[in-house]
Amino acid sequence: MKIVFLDRGTLSAQTVFRAPAFAHELITYDQTTPEQVSARIADADIVVLNKVKLPRDVIADAKKLRMVAVAATGYDNVDVAACKAQGIVVSNIRNYAVNTVPEHTFALIFALRRSICAYQDAVRAGRWQASGQFCFFDFPIKDLAGSTLGVIGDGVLGQAVANMGRALGMRVIFAGYKGYANQGSLYVPFEKALAEADILTLHCPLMPETRNMIGATEFALMKRRPLLINTARGGLVDEAAVGSALEAGQISGAAFDVVATEPPSQDHPFMKLVNRSNFLLTPHVAWASDEAVQGLTDQLVDNIEAFVRGEPRNLVGS
């Protein structure tokens, strides 16, 4: 059985990809361009990919393909309907990032709430010596205890972030779905959550109804000038509107680990913000602790082995 991994380079070099427990040939590529996909999977039985796109026409040409093993939770890069039409199984990874994403989320929150990066930059620039005293107060410092954490997305990651917030003495509210009312006592209406939160953190999937769900209209509702944190998916926020919201003081800071197009081009709106003391951009690494990436990889091989045993799991589009 031939297994082709199209973008092994999206997993860290120290991650161990154990050999599946059946007779196989494994071919790995660090990267694969759209033009290379068809040729590389032409005689593959199983294709492993993370972010490489697998469109309908490429799937149609892969006559031997039986399984697509996605090395991630999100699978919008794969035409699942086309796979289903050809009897190709698609599996994904689940619940591997329950520690790494919440921890990264709070790393970003702490960094902005206490202006840690801004103070570090100031020290590098000699500001401490220039101050002539034991400390200086150039940037705001605020506690998390007693503040309101608004969580958009109540899945495993959203719940984990909420638990961390409660442990830090924060009031936690879950935003209801945008455009829906009367969702029960567990949810605060979407617009009300925007108005009440001191920190807003996104942990929801990217779907047509969530694309650009936060933009200029929503920024105008943020009465408490919250921090906005996105470690979920690029495209949830109108990225062109973030700079204006920062300039207008509608939000006091923003931190993104994800961008709609990755890597962002040099003329992307975020690249104009990276020198601001209240904006942070990390390169889609919230998921990428050593422990999480190894767990993802182990689960990936588990999914492949289960399929070969005739017991497919973590199926999508079924």
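Scroll up a little and you will see the structure.
The model shown is predicted, which means the values in this text are computed figures rather than measured ones.

About the criteria used
- Residues numbered from 1 in each chain as written.
- Predicted model: local features only at pLDDT ≥ 70, side-chain atom pairs only at ≥ 80, totals over all residues.
- Heavy atoms only, no water.
- Core = buried A, V, L, I, M, F, W, Y, C linked by side-chain atoms within 4.5 Å.
- Buried < 20%, exposed > 50% of the residue type's maximum accessible area, 1.4 Å probe, protein only.
- Helix = DSSP H or I, 4+ residues; strand = E, 2+ residues; numbered from the N terminus.
- Contact = heavy atoms within 4.5 Å.
- Expected span 1.5 Å × (residues − 1).
- Phe/Tyr/Trp six-rings, centres within 6.5 Å; stacked < 30°, edge-to-face > 60°.
- Pairing = 2+ DSSP bridges.
- Axes fitted to C-alpha atoms, helices over the stretch in contact; angles between N-to-C directions.

1. Description of the nonpolar core
The tendency in soluble globular proteins is for nonpolar side chains to be buried as a group.
Stage number 1. Grouped together as the largest cluster of nonpolar side chains are 31 residues, with contacts concentrated most on Ile152, Ile214, Phe219 and Val242.
Stage number 2. For this core, the elements supplying multiple residues, two or more each, are α8 (190–196), β8 (199–202), α10 (242–247) and β10 (253–256).
Stage number 3. Ile214 has contacts with Ile152, Phe190, Leu202, Phe219, Met222, Leu228, Leu236, Val237 and Asp238, leaving out every residue within four places of it along the chain.
Stage number 4. By size, the runner-up hydrophobic cluster in this structure holds 24 residues, among which are Met67, Val89, Ala286 and Ala292.

2. Some points on helix α11 (residues 290–308)
Stage number 1. The end-to-end C-alpha distance of α11, which contains 19 residues, comes to 28 Å, matching closely the 27 Å that a straight helix rising 1.5 Å per residue would cover.
Stage number 2. When we look at burial in α11, the residues that qualify are Ala292, Val293, Leu296, Thr297, Gln299, Leu300, Val301, Asn303, Ile304, Glu305, Ala306 and Phe307.
Stage number 3. Contacts made by the buried residues of α11 are with β1 (2–5), β3 (46–49), β4 (67–70), β5 (89–91) and α4 (100–113).
Stage number 4. The first or second residue beyond α11 is Gly310, which carries a positive phi of 85°.

3. Remarks on the packing of aromatic side chains
Stage number 1. Applying the stated criterion across every chain, the model contains eight aromatic pairs.
Stage number 2. Relative to Phe110, the ring of Phe106 lies with its centre 6.3 Å away and its plane at 50°, an arrangement referred to as tilted. Within this pair, Phe106 and its partner Phe110 are both found in helix α4, separated by four residues, close to a single helical turn.
Stage number 3. For the ring pair Phe256 and Phe270, a centre distance of 4.6 Å and an interplane angle of 55° mean the geometry is tilted. Placement of Phe256 in strand β10 and of Phe270 in the loop between β10 and β11 (279–281) is noted, with a sequence separation of 14 residues between them. Per residue, the accessibility class of Phe256 equals that of Phe270, and both read buried.
Stage number 4. Among the aromatic residues, those joined into a ring-pair cluster are Tyr119, Phe136 and Phe139.

4. Notes on the environment of Ile59
Stage number 1. Examined against the element boundaries, Ile59 turns out to sit in helix α2 (residues 56–61).
Stage number 2. Overall, Ile59 belongs to the buried group, its relative accessible area being 0%.
Stage number 3. Sequence separation between Ile59 and Gln86 is 27 residues, and the spatial gap between their C-alpha atoms is 8.4 Å.
Stage number 4. Aside from chain neighbours lying at most four places away, what touches Ile59 is Leu54, Asp79, Ala82, Cys83, Gln86 and Ile88.

5. Considering the sheet that holds β4
Stage number 1. Taking strand neighbours across the sheet as the criterion, the five strands line up as β2-β1-β3-β4-β5 in an open arrangement whose pairing is parallel. Edge positions in the sheet fall to β2 (25–28) and β5, since each of these pairs with one other strand and no more. If you compare each strand with its neighbour and ignore which way they point, the axes differ by 15° on average.
Stage number 2. Contacts from α11 reach β1, β3, β4 and β5, with the element oriented near 160° to β4.

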